[in-house]
Amino acid sequence: MFWIIIALLTAAVAIILTYPLMRSNGAADNAREGEVAVYRDQLAELQRERDSGLIGETEAEYARGEIGRRLLAAAPVKTDGTSSISPRRHNALASIVTVLLPLMGLCLYLFMGTPNMPDMPLAARLEKPGNDMNLMIARAERHLAQNPADGAGWDVLAPIYFKTMRLGDAEMAYRTAIRLQGENASRLTGLAETLIAANEGVVVDDARTALEDAEKMSPGNPRVRFYLALSLEQAGKTDEARQAFVTLLKDSPEGAPWIPLVQAHLQNTGGADMAAAPTRQAPGGPSGPSGPSAEDVAAASNMSSEGRQAMVAGMVESLDARLKENPDNFEGWMRLVRSYAMLKNDEKAKQALAEGLKVFPPSGDQGRQLLALAQQLGVDAQGVTQ
């Protein structure tokens, strides 16, 4: 039955595609035959007028020549003297549409498809979703529709909604999980991040309240501390925000992925010198291209503005050179993009972003962090991901 339906559909499509071609040819041939008949009638009428003396010999010859020229243009004569206005059919094109295209489609299906695979009902697909995120979500939603009081299920589904940017559903899932399971730092932080994302990066009152409660339950979470500092910055409390960012920066281990973002906000809140200070290195952690040392910062404070700018530019160029020799340093690329942005060198910042994305593609987590940092710093990323 399946193949019969496919054959009928193919035939219907072929007829639809070829019918306008055949119809247009017939209409054109009919129009040409009518035009030839008109010119022949004109020749006969011209001959009658000549015989009756209504037109002179010279005028008749001129008129006959003009009508004959139009007649030949409308109906060209073959070498054997017969007319060539027989209907033209697009046989080759019709053959391609009716035979070759269906045959090619069938071959592609047999080669790339799985015609012998039996149908799998939706229920069976939901039981074995594999890596299909949509099926996983559908499975969880079906379970929760049957068991709406399953707080653990809402707790699992909420971050999945957030990752797929279904922010309204994520907020509902987090609030339901909190209502059924109670508050904890993870749920409150997830709810706050969802509210911030839904408000385009603005830490609204509900998000700030959730973050403050999460910080009381589990102090020291860098994400929570960053968002709380960001809320102070957005509220216009620049001094408090700057101090919060400085404290977070000092407590951050070397190579932490949030360091460039914290340094960028320190720059925005007037803490450029503090942003340049080195962070605490994790015990046994690897050392990579770093920013200026404490001695550099102290020396820079005694320099003129031109000398300080030259010193910073020199250190940034040195970092750029070391990254060309050792490009597999993600933290180094983050610092380089931020440094060029702080120096107002947009071209160099964009070039550093492009080079970093060659090593850490935008499809990965590190590439997305580079793009997020560029957006935060106002670096034009258009074209660098092509």
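Residues numbered from 1 in each chain as written. Predicted model: local features only at pLDDT ≥ 70, side-chain atom pairs only at ≥ 80, totals over all residues. Heavy atoms only, no water.

Student: In this structure, what is going on with the pattern of salt bridges? I would like to understand it.
Tutor: Pairing is possible between side chains of opposite charge, provided their charged atoms come close. All told, the structure shown has eleven salt bridges when counted by the stated rule. Put simply, Asp 205 and Arg 208 hold a salt bridge, and the shortest N to O gap is 3.0 Å. One end of the pair, Asp 205, and the other, Arg 208, are both in helix H9 (residues 205-217), three residues apart, so they sit about a helical turn from each other. When the shortest N-O distance is used, the salt bridge between Glu 355 and Lys 358 registers 3.5 Å. Here Glu 355 pairs with Lys 358, and both are found in helix H17 (residues 346-359), just three residues apart, close to one helical turn. (Salt bridge = Lys/Arg side-chain N within 4 Å of Asp/Glu carboxyl O. Helix = DSSP H or I, 4+ residues; strand = E, 2+ residues; numbered from the N terminus.)

Student: Would you take a moment to explain unusual backbone geometry for this structure?
Tutor: Apart from glycine, the bulk of residues carry a negative phi angle, and the bulk of peptide bonds sit in the trans form. In this structure, Met 165 takes a positive phi of about 60° despite not being glycine. Mapped onto the elements, Met 165 comes out in the loop between helix H6 (151-163) and helix H7 (167-181). A positive phi angle is found at Glu 200, which is not glycine, with a value near 55°. Counting through the fold element by element, Glu 200 comes out in the loop between helix H8 (185-198) and H9.

Student: It is not clear to me how helix H5 (residues 133-146) should be interpreted in this structure. Could you clarify?
Tutor: The periodicity of an α-helix, 3.6 residues per turn, causes residues three or four positions apart to be oriented the same way. In this model, H5 (14 residues) spans 20 Å end to end at C-alpha, consistent with the 20 Å of a helix rising 1.5 Å per residue. When H5 is considered as a whole, its buried residues turn out to be Leu 135, Ile 137 and Leu 144. (Expected span 1.5 Å × (residues − 1). Buried < 20%, exposed > 50% of the residue type's maximum accessible area, 1.4 Å probe, protein only.)

Student: In this structure, what is going on with the confidence of the model for the protein? I would like to understand it.
Tutor: Note: predicted coordinates in regions of low pLDDT should not be interpreted at a detailed level. Model confidence for the protein is summarised by a mean pLDDT of 76, while 73% of its residues fall at 70 or above. The secondary-structure element of the protein with the lowest mean pLDDT is helix H14 (residues 294-301), recorded at 44, while H7 shows the highest, at 94. The low-confidence segment residues 77-88 (pLDDT under 50) makes 14 contacts with residues lying over four places distant or belonging to another chain. The low-confidence segment residues 278-304, where pLDDT is below 50, has 40 contacts with residues more than four positions distant or belonging to other chains. (pLDDT = per-residue confidence, 0-100. Contact = heavy atoms within 4.5 Å.)

Student: Would you take a moment to explain the side chain of Arg 187 for this structure?
Tutor: Following the sequence through the fold, Arg 187 ends up in helix H8. Relative accessible area serves as the criterion here: at 9%, Arg 187 is assigned to the buried category. Looking at Arg 187, its side chain comes within polar contact range of the side chain of Asp 155, at 3.2 Å. Those residues within four positions of Arg 187 in sequence are excluded, and the remaining contacts are Asp 155, Tyr 174, Ala 177, Ile 178, Gln 181 and Gly 182. (Polar contact = N/O pair within 3.5 Å; in protein donor to acceptor, adjacent residues only side chain to side chain.)

Student: Looking at this structure, I do not really get the packing of helix H16 (residues 330-342) against H17. What am I missing?
Tutor: A packed helix pair is summarised by two numbers, namely the angle formed by the two axes and the spacing between the axes. Axis separation between H16 and H17 bottoms out at 8 Å; the angle between their running directions is 170°. Here H16 is positioned roughly antiparallel relative to H17, judged by the angle of their axes. Crossing hand, H16 versus H17: left-handed. Contact residues: H16 offers Trp 333, Leu 336, Val 337, Tyr 340 and Ala 341, while H17 offers Lys 348, Ala 349, Ala 352, Leu 353, Glu 355, Gly 356 and Val 359. Grouping the constituent residues of the contact of H16 with H17 by class yields nine nonpolar, one polar and two charged. (Axes fitted to C-alpha atoms, helices over the stretch in contact; angles between N-to-C directions. Parallel < 35°, antiparallel > 145°, perpendicular 65-115°, else oblique. Left-handed = near helix turned anticlockwise from the far one by under 90°. Nonpolar A, V, L, I, M, F, W, Y, C, P; charged D, E, K, R; others polar.)

Student: Whenever I open this one, the nonpolar core confuses me. Can you help?
Tutor: It is characteristic of soluble globular proteins that their nonpolar side chains tend to be buried jointly. In terms of nonpolar packing, the biggest core is built from 38 residues, with Leu 211, Phe 226 and Phe 245 touching the most fellow members. When contributions to this core are tallied by element, the ones reaching two or more residues are H5, H6, H7, H8, H9, helix H10 (222-234), helix H11 (238-251) and helix H12 (259-268). When sequence neighbours within four positions are dropped, the list of residues in contact with Leu 211 reads Ala 192, Ile 196, Val 203, Val 224, Tyr 227 and Leu 228. Residues Leu 323, Phe 330, Leu 353 and Val 379 belong to the second largest nonpolar core, which totals 19 residues. (Core = buried A, V, L, I, M, F, W, Y, C linked by side-chain atoms within 4.5 Å.)

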